[in-house]
Amino acid sequence: MALHFLNEGKAAKHLLSFCLPLALIACGDSKDAAAPAPAEADTPAVAVMSDVHFENVYGDLKNPKFSGIPTADGKFATIRTMYAQLTSTRLFNENYFAFRGALDDAYARGIRLVALSGDYSDDAQPVNIDGIAAILKEYQAKGMRFFIAPGNHDPNEPFDNDEAGKSDFLTAEGKEQKVYAVNYSGCKSQDASVACTNQLMELGYEKLIAQLGEFGYMPNKADIYWETPFSNYGSTAYSYDAALTSADVKNRQFEICAEGEGGSYKADGEKNLGKAFTRCTSIIDSSYLVEPVKGVWLLSIDANVHIPNSAFDPVNAKAFKGFDGAGNAGWNKVLTHKKHLLAWIKTVTARAKSQGKRLIAFSHYPTMDFYANQTDAMKAVFKSGAFQVTRVPDAATTTALAATGMQLHMGGHMHFNGTNDYKDAAGNYFVNVQSPSLAVFGASYKVVKYKDQDTVDIETVSLNNVARYNELFKYYQTEYDYLQNSNLASDISKRWSKDILNTKSYGEFTRYYFGELSRLRFMDDYWPCEMKEAATTLDAKQMLILSQLQTQVTFAQLKDVPGVLPLTANCMAKGSVSGTPVSASQLTADWAVATTKAAALATAAGYKLDDFAKITAYEFYGDFHRTVYAGELALRDMGTDRVKQYKVLINAFPANPTAITMLSGKPSDQNAVNVPFQNQFKQVFSILKGLGSGKPSDHFTVNFKTQTLTNSNTSSASFN
């Protein structure tokens, strides 16, 4: 292990000392060192597919106790329940078909290079890794090449987890089945309710690289060039054999400590922090740079950061429980715990520029604000941690990455479609493109194509129609029937709407899925109580009226005027009455005045007030969450009329709403009934506008020379 640390330190120092600006060419493709050749005029397109979350729906669990659901053709469906899907931020089953659909579509477009930017599997279980490897080999045989970057689901931990599993596989009877790896406590105790198989263990880096090495993790003889952050080819000619040696996992390790990266960085880290580094160990960094075709460099960055935690045991340093998951760390922790990556990226970008290479960098994690710069507003309005805002990179992180010279980064992780850019004082221009997941609403992949050395065309290809997407619906029907007929409280709580089984396309299916995900999870997890009540109760007509309402009737008085406004004081703190309150009946007259004002706003926009009632509460909060994740693509799904109607609401609120009176951390029930809504939902609709009017994210070009993003889709919808 100490040898690994020494090698890591020497490699990092060598990169920094050897790859000086005047000698950058020697650190790159040595075949071109004498006379760097520019990229071909017609650079091939690269498809970027993120967050596939592949599950092998017909995989072999290799357990006689539970093989899955028998199918008519002699296979077994090893699938998760519909309820599990509807309460997860990704689908588990239908994305199997979506992935094949995306590959077929890309192949038909003539695309032969595909980058998978993390979470290509759902937790890296052998059954799923075997399944995705088989599919990649199938398309590889047709001439496609695949280049993987790891995500926080592959691997979940840097080392194997032989206690992992899932509790929600679907049985032929419509029930849930637990399936776990053999060292799970229930397996050790021979719990009869658990099916035990190591097909459900979660693989660490070493096994993943071994099983998926041909998909970028290891060099290919067909590659023009390949390296890792620790490669040290020096001035010798590049060779496949040298790359193969460099690719060995024992040569791809670095020292990580609880406080930061060790190795050659430890002394400076301890000096800056003023304390010794602890819990230090060696783990693998699977990053690599590859030139699969002349002039195109694909930079696969392993931005997973698994920090040793309080359970870390130096005697058993490969125990998976000794490391934190990488999901919330992202690039913020790369800056402190994977410093060698920034040094390497800087040399790669400099060499790419020097040699005329067209560089596409990709990792699993976003490198800048992915919520169209709405993150601070979202933090102010919603519950703490809502919408996973803790995963938004710090401004300092974006600044540090821009300073490396990296210009284009393709990210994933957030299942979000969006684009953002950044310019620093030194003149560096940096663009982050978020590729949406194939397993959610807005399912799409990105096509990246250099038009010339300074211009990149990026197109989003939506997967609205996917063959076989409803192949598993008959099994969900069994689950639905079981839940409807069960009297168990645990089953009743898991009932879902059968309407999702009536959808006619993958696009419609994912749209409905996101509505149910909103209802079953997001509204509770993200929205404060009084905001949830309003969002789940009011249609857009009532919202428009309420935006115009001026009254002195309080929430405490609503019980005395039933039928006017379907809100309650249930989420409010009980306050003391001050002064002489107006009669509760005054609300009826005030509501009538507000209705007249709302009707005038609707008429001015070319609509009737009743048209807004078609946007039900369910549609509203579904639209909001779909826009959070899909941005511009969600507006296209809404259609022209709904976008215009939301624009009316966006502009309907008072310029300066009355502040909410708070009591013990809650709104007081002595607030006038219009005050909380106007204050909070003015912000909600402002966020909706920002999310739906961000930088171009559907089809656009990036010009690095002029440092601009240009929308190529002149008909794209916007709230502006």
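What counts and what doesn't
Residues numbered from 1 in each chain as written. Predicted model: local features only at pLDDT ≥ 70, side-chain atom pairs only at ≥ 80, totals over all residues. Heavy atoms only, no water. Axes fitted to C-alpha atoms, helices over the stretch in contact; angles between N-to-C directions. Helix = DSSP H or I, 4+ residues; strand = E, 2+ residues; numbered from the N terminus. Parallel < 35°, antiparallel > 145°, perpendicular 65-115°, else oblique. Left-handed = near helix turned anticlockwise from the far one by under 90°. Contact = heavy atoms within 4.5 Å. Nonpolar A, V, L, I, M, F, W, Y, C, P; charged D, E, K, R; others polar. Buried < 20%, exposed > 50% of the residue type's maximum accessible area, 1.4 Å probe, protein only. Pairing = 2+ DSSP bridges. Salt bridge = Lys/Arg side-chain N within 4 Å of Asp/Glu carboxyl O.

Engineer: When you look at the packing of helix α19 (residues 617-630) against helix α22 (residues 675-691) in this model, what are you seeing that I'm missing?
Structural biologist: If you want to describe how two helices pack, look at the angle between their axes and the distance between the axes. Relative to each other, α19 and α22 sit at 45°, their axes nearing to 9 Å. Here α19 is positioned oblique relative to α22, judged by the angle of their axes. Regarding α19 and α22, the two cross each other, and that crossing is left-handed. Residues Phe-620, Phe-624, Thr-627 and Val-628 of α19 pack against Phe-681, Val-684, Phe-685, Ile-687, Leu-688 and Leu-691 of α22. When grouped by side-chain class, the residues that make up the contact of α19 with α22 number 9 nonpolar, 1 polar and no charged.

Engineer: Sorry, what's going on with the environment of Gly-204 here?
Structural biologist: When you line up the elements, Gly-204 lands in the loop between β8 (194-196) and α6 (205-212). With a relative accessible area of 1%, Gly-204 lands in the buried category. Excluding residues that lie within four positions of it along the chain, Gly-204 makes contacts with Pro-155, Glu-157, Pro-158, Phe-159 and Asp-160.

Engineer: I would appreciate a short explanation of the sheet that holds strand β5 (residues 145-149) in the present structure.
Structural biologist: The strands that make up a sheet pair up through hydrogen bonds in the backbone, lying either parallel or antiparallel. Read from one edge to the other, the open sheet built from 7 strands follows the order β5-β4-β1-β18-β19-β22-β23, with strand pairing classed as mixed. Both edges of this open sheet fall to β5 and β23 (708-711), since each of them pairs with a single strand only. Ignoring strand direction, the axes of neighbouring strands in this sheet form an average angle of 25°. Looking at chain direction, strand β18 (residues 444-452) and strand β19 (residues 455-462) are connected through 8 bridges and run antiparallel. Pairing of Tyr-450 across the sheet is with Val-456, part of β19.

Engineer: What am I meant to see in the pattern of salt bridges here?
Structural biologist: Scanning all chains against the criterion turns up 32 salt bridges. The partner of Asp-105 in a salt bridge is Arg-109, with the nearest N and O atoms 2.7 Å apart. On the basis of relative accessible area, Asp-105 is assigned to the partly exposed category, the value being 25%. Arg-109 sits in the partly exposed class, given a relative accessible area of 44%. Residue Lys-357 is joined to Glu-291 by a salt bridge in which the shortest nitrogen-to-oxygen separation is 3.0 Å. In this pair, Lys-357 sits in the loop between α10 (339-355) and β14 (358-362) while Glu-291 sits in strand β12 (residues 288-293), placing the two residues 66 residues apart along the sequence. With respect to burial, Lys-357 and Glu-291 carry one shared label: buried.

Engineer: What is the right way to look at the environment of Asn-232 in this model?
Structural biologist: For Asn-232, the location among the structural elements is in the loop between β9 (225-227) and α7 (240-247). Distance from Asn-232 to Ala-243, taken between C-alpha atoms, is 9.5 Å for residues 11 residues apart in sequence.

Engineer: Quick question: what am I supposed to make of the sheet that holds β8 here?
Structural biologist: Ordered in space as β6-β7-β8, the 3 strands form an open sheet in which the pairing is mixed. Each having just a single partner strand, β6 (165-170) and β8 make up the two edges of the open sheet. Recorded for the sheet is a direction-independent mean angle of 35° between the axes of neighbouring strands. Pairing of β6 with strand β7 (residues 176-180), which is carried by 4 bridges, proceeds in the antiparallel orientation. Bridging across to β7, Phe-169 finds its partner in Gln-177.

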